[in-house]
Structures are given as structure tokens and as C-alpha cells.
Amino acid sequence: MSAADVTKAADVLLTAERTGTPCPPVRFLLADASADDTAAAYAVQRVNVERGLAAGRRIAGRKIGLTSPAVQAQLGVDQPDFGTLFADMAVPDGGTVSAGRLIQPKVEAEVALVLGADLPHRDCTVADVIRATDFALAALEIVDSRNADWDITIVDTVADNASSGLYVLGGTPVPLSGLDLRAVRMTMTRDGAARPVSEGTGADCLGGPLNAAAWLASTLAAAGDPLRAGDVVLTGALGPMAAAAPGDRFEADISQLGRISVQFAQEGDTA
């Protein structure tokens, strides 16, 4: 894959993000990439992450995507991926996402881990993750795609920073001691409706959020960019994504971790 192709794909995604106008799937710009060539896609992702850093943005952690079989089925992919979380992507619990800030958002509920120690090993274990984690939080990830109509393969989503948008962290830290993250149950509703728009358990996230975190830590260490103390790790969706429209309010309850919510402003609202 030529550097020119990688830069062009990164340019197209960045322009789509800045203008709010989705672009054609970027896989078509990576002419020499196969349908599952994540190396080329991560090269595109790195270009825009480095641009963000050069512009003064601060990395707050990482996200793991495509951990839930339900989400994999929704997007037609069969493996997890990862992206970078910037501090300016955080929305307060109960806060409002301004109209037009995202292009085609979807919401998913998950478990966040906040690290108190580095995870530098290529063969990271669940025990390593437990030792390194300060606490867990309930979280919402608001995913977004710069690719038109969510027409994506693994290449498109990886290049697009794993379809990152924004994220919401709960305010009640819970130590891992005595907490079985595989057993947590998640229910997410829209606008207070009795019928949930998404349900799942910790086991639906690669068999458990700690498994997902160990996969991420090993993958990043092998790439020479390990997880560090202070990083937030969004471990992946516990259930299907739900599309968000202006005016929607989502609330998730994750057993043992608490409730968390986010509001989407109406069109024309400057919130």
C-alpha cells in the first residue's frame, strides 16, 4: 500500500468529519488492500491520530470495537478492532450532544476500565489487566461513521478510528475486587420506553470485558504503543448498537456499575 493512498484515505475521512458530509467507503481508495487488510487501515488511522496530536488534542485512552457478536453481525465483520480516544471526545454523564456534531451516530453500552499501571507485555493476561486496573465504570460509546450509510468492512471501520465518535463515562468508580464483569447485565432504553433497544451481558464482550482488555493490551504492546497508567479503556459493546436521532435520550443500566445517560439535542438547538 503506497503512502500516497494512505494519506489520501486519511484526507477523505478527515474532510468528512470536519464538514459533516459522509464520504464513500474508503476501502475503494486503498486499491492494493484486500478486504481484510487491517495493516493498511491502521496506517490510515495513525495518520489522523498524529494529526490530532499535532493540533493539540490529548489522548485519553483506547476503545475496543466489534467485540459483541450482535455488533459484528450488524456490521458484517468477524474480528475486533481498536481506536484512539481523545479527551475532547468525552461527554459528561447526563450531558447533551450538540446537533450536527456527529454524522450518523449510534449508541452502545459497555464497561470502561481506568488503568493505574502500564500494560507493556505482548502476552498480557487477564491477571495482568486486573492488577493494572484502578476501577471500572459504566460507559456509553457513541459510535459514528464518516463512511456513507455505514457501508463498511473491517478496513473502513479501522481506517475511520474504529468508527469512534464520542463517549460517556459514569461517575461512580467500582473496584474490580469481588466484581465479576462477565456476569454484569446491561439494558439500554431510548426516551424512557419500557422496551429496551439493547440488552446484553459482560460475557457477550469477547467472553468478558477483561478478555477484551487483555487482547487490546497485547495487540498494542506488540505494535510498540502499549497501554499506560491513566488510560481509559472502553472494552466493547455488551449488546447491539442503537441508532440515535435528534431529541433522543438514551439511558443504560449496567448491573454492579450503575446507570448512565446521554441526550441528543434537537436540530437547531445550540446545546
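Keep in mind that what you see is a predicted model, and the values were worked out from it rather than measured.

Enquirer: If you had to explain the overall build of the chain to someone new, which residues and values would you point to?
Expert: Regarding its fold elements, the chain presents six helices and 13 strands. Against the compact-globule benchmark of 18 Å for 271 residues, the chain has a radius of gyration of 17 Å, which places it among compact chains. Taken over the C-alpha atoms alone, the chain extends approximately 50 × 50 × 35 Å along its principal axes. Out of the 271 residues in the chain, the part that is buried amounts to 52%. Counting only contacts in the chain whose residues sit at least 6 apart along the sequence, the fraction spanning at least 24 positions is 75%. Carbon together with sulfur atoms contributes 50% to the accessible area of the chain, which is approximately 11,300 Å² in total. Computed over 21 positive and 34 negative side-chain charges, the inter-centroid distance for the chain is 2 Å.

Enquirer: Go over the pairing of strand 8 (residues 185-190) with me, naming the residues and quoting the values.
Expert: Relative to strand 9 (residues 198-201), strand 8 runs antiparallel, the two being bridged by four bridges. From the neighbouring strand, methionine 186 faces strand 9, where its bridge partner is glycine 200. In this sheet, strand 12 (residues 249-254) lies alongside strand 8 in antiparallel orientation, the contact comprising five bridges. Bridged to methionine 186 within strand 12 is isoleucine 254.

Enquirer: Outline the packing of aromatic side chains, supporting the account with residue identities and numerical values.
Expert: One pass over the full model with this rule turns up three aromatic pairs. With a centroid separation of 4.5 Å and 20° between ring planes, the pair formed by tyrosine 42 and phenylalanine 82 is classed as stacked. With tyrosine 42 in helix 2 (residues 38-54) and phenylalanine 82 in strand 2 (residues 81-86), this residue pair connects regions lying 40 residues apart in the sequence. According to the relative accessible area criterion, tyrosine 42 is buried, its value standing at 14%. Residue classification places phenylalanine 82 among the buried residues on the basis of a relative accessible area of 9%. By the ring-pair criterion, three or more aromatic residues cluster together here, those being Tyr42, Phe82 and Trp215. Just above the ring of phenylalanine 86 sits the side chain of arginine 57; from NZ or CZ to the centre is 4.0 Å.

Enquirer: Please provide a residue-by-residue account of helix 6 (residues 209-222), values included.
Expert: With 14 residues, helix 6 ought to run about 20 Å at 1.5 Å a step, and its terminal C-alpha atoms sit 20 Å apart, in line with that. All of the buried residues along helix 6 are Pro209, Leu210, Ala212, Ala213, Ala214, Leu216, Ala217, Ser218, Leu220 and Ala221. On the buried face of helix 6, the contacting elements are strand 1 (59-65), strand 2, strand 5 (106-115), helix 4 (126-132) and strand 10 (232-237).

Enquirer: Tell me about the pairing of strand 7 (residues 166-169), residues and numbers included.
Expert: Where strand 3 (residues 90-91) meets strand 7, two bridges bridge the pair, whose relative direction is parallel. Across the sheet, the residue bridging to alanine 90 is tyrosine 167, located in strand 7. Two strands pair when backbone bridges link them, and strand 6 (residues 133-143) and strand 7 are joined in this way by four bridges, in the antiparallel orientation. Each bridged residue has a counterpart across the sheet, and for glutamate 141 the counterpart in strand 7 is tyrosine 167.

Enquirer: Go over the sheet that holds strand 9 with me, naming the residues and quoting the values.
Expert: The strand order 4-13-12-8-9 describes an open sheet built from five strands, whose pairing is mixed. At either end of the open sheet lies a strand with only one pairing partner, and these are strand 4 (96-97) and strand 9. Pairing analysis gives six bridges linking strand 12 to strand 13 (residues 258-264), with the strands arranged antiparallel. Among the inter-strand pairings, isoleucine 254 is bridged to a residue of strand 13, identified as glycine 258.

Enquirer: Help me get a handle on the nonpolar core, residues and values and all.
Expert: Core analysis: the biggest nonpolar cluster contains 85 residues, and Leu113, Leu140, Ile142, Met188 and Val262 have the highest contact counts within it. Excluding residues that lie within four positions of it along the chain, leucine 113 makes contacts with Val129, Thr133, Phe135, Ala136, Leu176, Leu181, Leu210, Ala213, Asp231, Val232, Val233 and Thr235.

Definitions and cut-offs
Residues numbered from 1 in each chain as written. Predicted model: local features only at pLDDT ≥ 70, side-chain atom pairs only at ≥ 80, totals over all residues. Heavy atoms only, no water. Helix = DSSP H or I, 4+ residues; strand = E, 2+ residues; numbered from the N terminus. Rg over C-alpha atoms; globule rule 2.2 N^0.38 Å. Buried < 20%, exposed > 50% of the residue type's maximum accessible area, 1.4 Å probe, protein only. Contact = heavy atoms within 4.5 Å. Areas by Shrake-Rupley, 256 points an atom, 1.4 Å probe, with all protein chains shown as cover. Lys, Arg positive; Asp, Glu negative; His and termini not counted. Charge placed at Lys NZ, Arg CZ, Asp CG, Glu CD. Pairing = 2+ DSSP bridges. Phe/Tyr/Trp six-rings, centres within 6.5 Å; stacked < 30°, edge-to-face > 60°. Lys NZ or Arg CZ within 6 Å of the ring centre and 35° of its normal. Expected span 1.5 Å × (residues − 1). Core = buried A, V, L, I, M, F, W, Y, C linked by side-chain atoms within 4.5 Å.

Any functional reading would require information beyond the geometric quantities listed.
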